[in-house]
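Residue-level structural notes
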Amino acid sequence: MINQTWRKSSRSGSAAQCVELAVGELVAGVRDTKNRDGGTLEFGAKAFRAFLADVKRSQV
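What counts as what
Residues numbered from 1 in each chain as written. Predicted model: local features only at pLDDT ≥ 70, side-chain atom pairs only at ≥ 80, totals over all residues. Heavy atoms only, no water. Phe/Tyr/Trp six-rings, centres within 6.5 Å; stacked < 30°, edge-to-face > 60°. Buried < 20%, exposed > 50% of the residue type's maximum accessible area, 1.4 Å probe, protein only. Helix = DSSP H or I, 4+ residues; strand = E, 2+ residues; numbered from the N terminus.

Things to note about the packing of aromatic side chains
One pass over the full model with this rule turns up two aromatic pairs. Ring geometry for Phe43 versus Phe48: centroids 5.5 Å apart, planes at 25°, classification stacked. Looking at Phe43, the relative accessible area reads 36%, which means it is partly exposed. Its relative accessible area of 7% is what places Phe48 among the buried residues. Ring centres of Phe48 and Phe51 lie 5.9 Å apart, and the angle between their planes is 40°; this geometry places the pair in the tilted category. With a gap of three residues between them, Phe48 and Phe51 both fall in helix H1 (residues 45-58), about one helical turn apart. Residue classification places Phe51 among the partly exposed residues on the basis of a relative accessible area of 48%.

Next comes the structure, spelled out in structure tokens:
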């Protein structure tokens, strides 16, 4: 379970494409802003941080 504060992605420009992210010490979660009860993708926080770092390095 995610016990962190959820925040909307700064890249979610339109109402049709919004996601929220919560990253704690052990777990990270991603969910749909419009359907918060629809489920959450959960990842190990360390792996998720590595994923985000890789995405940032790959941006053009």
